[in-house]
Amino acid sequence: MGKFCLAYSYVALLIIPLVILLYFAIRKNFINFADRAEQQSYESGKRQQRLIFFALRSLVFAFLLIAIASPFILETKTVKGNPRITILVDNSTSMNLFEYGMEKELVGKLKGSIPVTVRTIATGDKSAIGDGLLNNMERDENVLVISDGSNNDGKLLGDIMLLATSLNSTISTLDMKPVRSDVGVSIEGPSEAIRDTEESFIIKVNNVGKNVPYNLEVRFDDEIILAKSDDKSNSFGIRKKLPEGYHKLTAELQNAGSDDYFSQNNIYYKSIKVVPRPKVLFVSEKDSPLANNLGSIYDLTAVTTIPDDLDDYLAVILNDLPASKIMPKFNSLNSYVRDDGNGLFVIGGQDSYDNGNYKGNLLETLLPVKIGAGEEEEKSDVYIVIIIDVSGTTGKVYNVNTGQYEIRDYDQIIKAQAASVIDSLDKKNNVGVVVIGTRNPTGTVVTLSDIVTLEDNKKEIIDTISRIASEKVGGQSDIDLGINKANQMLRSISGGKNIILISDGRGLTPLAKSEKKEAARQAADRGIKIYVAGVGAIDDQDNEFLSDIAIIGDGIYFPLDASSRLKVLFSEPESKEEKDYLNRLVLLDTTHFITYNQSLDAVVSGYNYVIPKPASRLLITTNKNIPIMVAWRFGLGRVATLATDDGSKWGGELLTEENSKVLTKAINWVIGDLSRKSNFDVSIKDTELGSLMLINVVSDSLPKHEQLTFVKTDVNLYTAKFDPTRTGFYNFLGADAAVNYKEEFNNLGVNKDFINLVEQTQGKVFDRNDIDSILEFIKDKSKRIKVDTTEFKWPFLVAALLLFLAEIAVRRLWENKSYR
């Protein structure tokens with residue numbers, strides 16, 4: 001295959017003006033005639049000659065200029081390359097669950113066909129898989145990693161995978177099944193809590209290989225609070241009110257079956273620091289039912305006016321106060337939040353916000369909202385581009401229980417999710433659809449539908465989505481290209497511009513994620529909001545990355561039930577009851593600390609009119625998309641607003657036991673660090689064997705301990721390091737901390753994120769007995785594209801010379817003829 005090119009293409013552009021000049025030059029007469037008749041007679045006799053000379057000279061100049069532009073033929077050839085493979089072996093402890101010596105069997109089968117190199121990249125209780133790949137990877141290399149993908153030390157695996165792609169190297173692995181079984185336990189939950197508040201903990205049991213029977217016993221200090229028997233992976237939730245002090249939570253697998261290979265991970269320790277009820281100031285001119293409820297959770301001081309000194313309080317709650325009562329203390333309140341890092345919670349009502357003269361006031365600068373009703377957009381002025389991610393990350397799942405790589409109908413799940421999202425939109429909305437992650441030869445981004453009115457095109461769009469071919473999915477998750485394409489589609493639109501991204505966000509390296517975030521940032525700069533609808537279970541989504549995309553895009557991330565929440569944003573309430581009477585509250589953003597893992601079943605009979613500012617987070621709305629709770633960070637502090645009252649007239653249903661948890665979490669969020677104002681405090685993070693334990697102490701003087709050496713690291717802050725030698729609980733200066741088994745023994749089995757990253761380098765997961773497929777893949781990937789260039793000046797120079805000689809010959813013939 002060849003391609004004609006010009007090294008200096010701009011020279012060839014001179015042909016056109018030169019031909020035009022030549023045309024006028026040839027038409028010009030340089031002879032003086034006696035009269036007009038003589039001139040016309042002369043020109044009519046020379047017209048044919050001039051046309052021929054014009055054509056010949058034009059071609060001569062054209063060929064000369066093309067020759068000066070240095071033409072060449074660009075030829076691409078596929079060459080065989082040098083097929084070889086490097087096998088990297090993970091001999092770390094976690095690999096003991098799999099068959100030993102797989103590489104020896106593989107080398108025996110491959111060695112006669114291609115050169116094979118074998119190297120070990122990890123041993124012992126640390127799996128530095130990323131470092132091993134970095135040290136053994138070269139350009140154009142085919143690498144086969146025999147590993148479970150548990151990278152718990154050294155370089156990030158995602159960064160190394162990205163480097164492999166840039167080096168044109170492929171990283172593949174084997175479809176490994178565990179030959180030994182194991183069951184392990186871990187605990188997830190807060191490490192710090194407020195006295196007498198209910199906290200949630202999740203006990204996770206991970207079973208690899210065959211089902212291993214076990215008895216799970218969970219102890220809070222010395223009390224058994226959970227006892228369960230099972231023989232498979234499971235999660236158990238615990239909710240408990242915690243008394244003040246340091247507490248020990250222990251989860252232990254007792255009487256595990258004889259097939260349990262590692263005993264180290266059968267017990268997990270967690271320490272919880274429970275601080276005294278934080279001091280909170282509640283400012284209200286009237287009796288408040290909310291204040292009565294908060295008094296049992298916080299050290300609450302109720303006053304009718306804002307005092308001069310706020311230093312004793314971690315947060316201030318302003319309950320339905322008009323601006324006239326706040327502005328005399330605005331400077332101290334502003335400094336209290338912005339400079340001192342404290343919290344502010346502003347509750348609405350009949351005397352605040354739009355009813356309290358907040359609009360245009362300095363107070364408005366402190367809040368995450370502007371005062372006033374947002375202008376309702378006509379639904380016909382709303383433009384939405386839906387980006388559907390059908391990449392390989394959403395089509396394949398590794399079953400850690402069976403050790404098998406399974407292809408599931410995730411493309412069908414995504415299609416159903418996309419159809420559900422479209423169903424949730426208003427018929428007057430204007431919608432376009434872009435698909436990313438395809439294996440389309442023309443590119444991974446495909447425009448499935450240009451922006452059209454949904455009313456007349458909904459059925460056709462949904463039908464087109466349902467017909468996305470399964471064999472076309474599984475490409476790169478090019479979210480940035482999808483956002484850029486949506487940006488182009490929305491560029492010339494005047495109206496509300498929105499993107500809805502449907503993706504699980506998995507399988508991306510840190511550098512790739514930063515590229516996607518930059519695309520979202522550029523879209524946001526052009527006034528486009530980005531909403532993200534997660535695909536699959538929450539655990540199967542990259543929650544942090546998808547949340548970042550939504551925050552950057554001034555939108556919201558919906559990990560679950562996206563359709564019902566998008567309906568609140570883009571559609572009209574359907575029934576008369578919903579439209580005219582009820583203001584049912586909706587948890588819109590469930591990824592924020594305040595709303596995470598919460599439920600809400602409440603109706604408010606009134607609200608204040610506020611508009612969220614661009615840097616804020618809209619957490620709760622009514623079913624008619626009226627903002628109710630908004631939060632943001634202000635300087636060093638935090639501010640949250642509630643655009644309904646304290647339950648005295650409008651928001652009584654918010655005070656039920658379940659609904660009120662949202663209010664207490666809002667107050668906890670604005671408080672932030674619970675020990676911020678303590679004169680003496682000890683903070684220790686739980687750690688694992690092989691890692692240092694950091695002990696941070698807030699104190700007026702240097703703390704002393706026989707096993708620790710403290711160093712001053714900040715004002716009244718001292719730090720010491722301790723190297724634990726056993727698992728269990730430790731106590732330093734009255735504070736408990738836990739040391740657990742090494743990370744090598746946690747979440748055993750094949751890491752599904754590793755499988756996703758393998759696919760990002762265009763690698764494969766091979767059956768170790770399918771030698772033909774391995775050889776075919778290596779030989780195919782070893783092929784290289786060779787580019788040759790051949791200069792092509794001489795044909796144009798020869799052509800120009802021949803035409804020039806032809807012109808001379810023709811001129812001589814005409815001259816001789818005229819002499820006769």
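Here, the structure is the one placed above.
Draft legend 1. Geometry of the sheet that holds strand S34 (residues 687-688). Across the sheet, which stays open at both edges, the three strands sit in the order S34-S39-S38 with mixed pairing between neighbours. If you trace the sheet from one side to the other, it starts and ends with S34 and strand S38 (728-732), each paired once.

Draft legend 2. Representation of the sheet that holds strand S17 (residues 315-319). Pairing is mixed in the open sheet, where eight strands are placed in the order S16-S15-S17-S18-S32-S31-S30-S28. The open sheet terminates on both sides in strands that have one partner only, identified here as strand S16 (299-303) and strand S28 (585-587). Pairwise comparison of adjacent strand axes, ignoring direction, gives a mean angle of 15 degrees for this sheet. With respect to the sheet, helix H9 (residues 330-338) is in contact with S17, strand S18 (343-347), strand S31 (627-634) and strand S32 (637-642), its orientation differing from that of S32 by roughly 115 degrees.

Draft legend 3. View of the packing of helix H14 (residues 510-525) against helix H15 (residues 543-552). H15 packs onto H14 with a crossing angle of 20 degrees between their chain directions and a minimal axis gap of 8 Å. Considering their axes alone, H14 and H15 lie roughly parallel with respect to each other. Seen from above, H14 lies across H15 with right-handed handedness. Of H15, the residues touching H14 (which contributes Lys513, Lys516, Lys517, Ala520, Arg521 and Ala524) are Phe545, Asp548, Ile549 and Ile552.

Draft legend 4. The side chain of serine 284, seen in detail. Position of serine 284 relative to the elements: it lies in strand S15 (residues 279-284). A polar side-chain atom of serine 284 sits 2.8 Å from the main-chain carbonyl oxygen of lysine 286. Polar side-chain contacts of serine 284 include one of 3.0 Å to the side chain of asparagine 319. Once residues lying within four places of it in the same chain are set aside, the contact partners of serine 284 are Val303, Thr304, Asn319 and Leu321.

Draft legend 5. Representation of empty space enclosed by the protein within the structure. For the coordinates displayed, the defined rule picks out four cavities of 30 Å³ or more. Asp182, Gly184, Val185, Ser186, Lys204, Asn206, Asn265, Tyr741, Phe745, Asn746, Asn747 and Leu748 together form the lining of the largest cavity. Going through the elements one at a time, strand S7 (182-188) and strand S9 (198-208) are the ones with two or more residues in the lining of the largest cavity. Partitioned by chemical class, the residues of the lining of the largest cavity number four nonpolar, six polar and two charged. In this model, the second largest cavity occupies a volume close to 50 Å³. Along its surface, the second largest cavity is lined by Ile85, Asn142, Val143, Leu144, Thr170, Ser172, Phe766, Ile774, Phe777 and Ile778. For the lining of the second largest cavity, the secondary structure elements donating two or more residues are strand S5 (142-146), strand S6 (170-174) and helix H20 (771-782). Tallied by class, the residues present in the lining of the second largest cavity amount to seven nonpolar, three polar and no charged.

Draft legend 6. Examining the nonpolar core more closely. If you look at the biggest cluster of nonpolar residues, it comprises 68 residues, and the most contacted ones within it are Ile87, Leu133, Ile203 and Leu216. Ranked by the residues each element gives to this core, the list is headed by H20, at five residues. Once residues within four sequence positions are removed from consideration, isoleucine 203 is found in contact with Val185, Ser186, Ile187, Leu216, Val218, Asn234, Ser235, Phe236, Ile238 and Ala251. In terms of nonpolar packing, the next biggest core, distinct from the first, is built from 59 residues, Tyr353, Tyr358, Val435 and Val639 among them.

Draft legend 7. The arrangement of the environment of serine 701 in detail. Relative to the helices and strands, serine 701 resides in the loop between strand S35 (693-698) and strand S36 (711-714). Separated by 15 residues in sequence, serine 701 and asparagine 716 have C-alpha atoms that sit 7.2 Å apart.

Draft legend 8. Focus on the packing of helix H13 (residues 479-490) against H14. Contact pair H13 / H14: the axes reach a minimum separation of 8 Å and the direction vectors enclose 15 degrees. By the angle between their directions, the pair H13 and H14 is classed as roughly parallel. Taken as a pair, H13 and H14 cross one another with a handedness that is left-handed. In contact with Ile479, Asp480, Ile483, Asn484 and Asn487 of H13, H14 contributes Glu515, Lys516, Ala519, Ala520, Gln522 and Ala523. For the contact of H13 with H14, the residue count by class is five nonpolar, three polar and three charged.

Draft legend 9. Summary view of the environment of leucine 654. Structurally, the position occupied by leucine 654 is in the loop between S32 and helix H18 (660-671). Separated by 54 residues in sequence, leucine 654 and leucine 600 place their C-alpha atoms 8.4 Å apart. In this structure leucine 654 touches Leu585, Leu600, Ala602, Thr644, Asn659, Ser660 and Leu663, once residues within four positions along its chain are discounted.

Draft legend 10. Highlighting the packing of aromatic side chains. Under the defined criterion, the tally for this structure stands at 19 aromatic pairs. Considering the side-chain rings of tyrosine 269 and phenylalanine 729, the 5.2 Å spacing of their centres and the 80 degrees angle between planes classify their relative orientation as edge-to-face. Of this pair, tyrosine 269 sits in strand S14 (residues 267-275) while phenylalanine 729 sits in strand S38, and the two are 460 residues apart along the sequence. Overall, tyrosine 269 belongs to the buried group, its relative accessible area being 14%. Seen in terms of ring centroids, tyrosine 730 and phenylalanine 732 are 6.3 Å apart; in terms of plane orientation they differ by 10 degrees. Their pairing is stacked. Residue tyrosine 730 shares its accessibility class with phenylalanine 732, and that shared class is buried. Each member of the aromatic cluster is reached from another via a ring pair, and the members are Phe63, Phe792, Trp794 and Phe796. The residue whose ring lies beneath lysine 665 is phenylalanine 593, and the NZ or CZ to ring-centre distance is 4.8 Å. Here arginine 726 stacks its cationic end above the ring of tyrosine 730, 4.2 Å away from the centre of that ring.

Procedures and definitions
Per chain, residue numbering runs from 1 following the sequence as it is written. Given that this is a predicted model, residues contribute local features only at a pLDDT of at least 70 and side-chain atom pairs are listed and counted only at 80 or more, while totals for whole chains, interfaces and linings are drawn from all residues. Calculated side-chain values reflect all of the structure's heavy atoms, with hydrogen atoms and water omitted. When DSSP locates at least two bridges between a pair of strands, those strands are taken to pair. Here a strand is any run of E in DSSP of at least two residues, a helix any run of H or I of at least four, and the numbering for each starts at the N terminus. Axis definition: a line fitted to C-alpha atoms, limited for helices to the stretch in contact. Angles are taken between N-to-C directions and run from 0 to 180 degrees. Two residues qualify as a contact provided that any one of their heavy atoms is within 4.5 Å of a heavy atom in the partner residue. When an angle is under 35 degrees it counts as roughly parallel; over 145 it counts as roughly antiparallel; between 65 and 115 it counts as roughly perpendicular; any other value is oblique. Definitions for this section: a left-handed crossing has its near helix turned counterclockwise from the far helix by less than a right angle. A right-handed crossing has that turn clockwise. By the criterion applied in these results, polar contacts are pairs of N or O atoms within 3.5 Å in which, for protein atoms, one can donate a hydrogen and the other can accept it, and in which residues neighboring in sequence qualify only through two side-chain atoms. Using protein atoms alone on a 1 Å grid, points that fit a 1.4 Å probe yet trap it form a cavity, whereas open point sets bounded by protein on both sides within 12 Å along at least five of seven lines form a pocket; residues with an atom within 4 Å of a point count as lining. Grid points are joined across faces, edges and corners, and a volume is the space filled by probe spheres set on the points. Three categories are distinguished: nonpolar for Ala, Val, Leu, Ile, Met, Phe, Trp, Tyr, Cys and Pro, charged for Asp, Glu, Lys and Arg, and polar for the others, with Gly belonging to the last. By nonpolar core we mean a set of buried residues, namely Ala, Val, Leu, Ile, Met, Phe, Trp, Tyr and Cys, connected to one another through side-chain atoms within 4.5 Å. Buried means the residue's accessible area, taken with a 1.4 Å probe over protein chains only, is under 20% of the maximum for its type, while exposed means over 50%, and partly exposed covers the values in between. Stacked, tilted and edge-to-face are the three classes assigned to paired rings of Phe, Tyr and Trp, where Trp is represented by its six-membered ring and a pair needs centres within 6.5 Å; plane angles under 30 degrees give stacked, over 60 edge-to-face, the rest tilted. Sitting over a ring, as applied to charges here, requires NZ of Lys or CZ of Arg to be within 6 Å of the ring centre and within 35 degrees of the ring normal.

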